[in-house]
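These are the residues of each chain, in order.
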Amino acid sequence: APIDALDEAMRETQEAIQRVLNGASDVILSPQSAMIRGQQHQLARAANLISHSHGRDPYRRVRIFRR
């Protein structure tokens, strides 16, 4: 279900944010739809991290990293 996909993507994003806050230079997330990537960017911003989308649909994915 789409809700499950969103939940899973948000969990992956939170884990990635923790890894970067704990010292990882960057984390690249699984490919997601544009809607989910938007949510991932919001979470990264809320944690004061930088995020960019890379690649082409349907493989476009978010990378989270420090300033």
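Residues numbered from 1 in each chain as written. Predicted model: local features only at pLDDT ≥ 70, side-chain atom pairs only at ≥ 80, totals over all residues. Heavy atoms only, no water.

Undergrad: Sorry if this is basic, but what is going on with the sheet that holds strand 2 (residues 50-54) here?
TA: Strand pairing in a sheet is mediated by backbone hydrogen bonds. Such pairs are either parallel or antiparallel. Pairing within the open sheet is antiparallel, and its three strands lie in the order 1-3-2. With partners counted over all chains shown, the strands left at the sheet margins are strand 1 (26-28) and strand 2, one partner each. With strand direction ignored, the average angle separating the axes of adjacent strands in the sheet is 20°. Summarising the sheet, strand 2 and strand 3 (residues 61-65) pair through five bridges and their orientation is antiparallel. Within the sheet, the bridge partner assigned to I50 lies in strand 3 and is F65. Across the face of the sheet, helix 1 (residues 2-21) comes into contact with strand 1 and strand 3 while running at roughly 30° to strand 3. (Pairing = 2+ DSSP bridges. Helix = DSSP H or I, 4+ residues; strand = E, 2+ residues; numbered from the N terminus. Axes fitted to C-alpha atoms, helices over the stretch in contact; angles between N-to-C directions. Contact = heavy atoms within 4.5 Å.)

Undergrad: Whenever I open this one, the pattern of salt bridges confuses me. Can you help?
TA: Any two side chains of opposite charge can pair, given that their charged atoms come close. Taken as a whole and judged by the stated rule, the model has three salt bridges. For the salt bridge of E8 with R11, the shortest nitrogen-to-oxygen distance reads 2.6 Å. One end of the pair, E8, and the other, R11, are both in helix 1, three residues apart, so they sit about a helical turn from each other. Residue class for E8 comes out partly exposed when judged on its relative accessible area of 43%. Here R11 falls in the partly exposed class, since its relative accessible area comes to 46%. (Salt bridge = Lys/Arg side-chain N within 4 Å of Asp/Glu carboxyl O. Buried < 20%, exposed > 50% of the residue type's maximum accessible area, 1.4 Å probe, protein only.)

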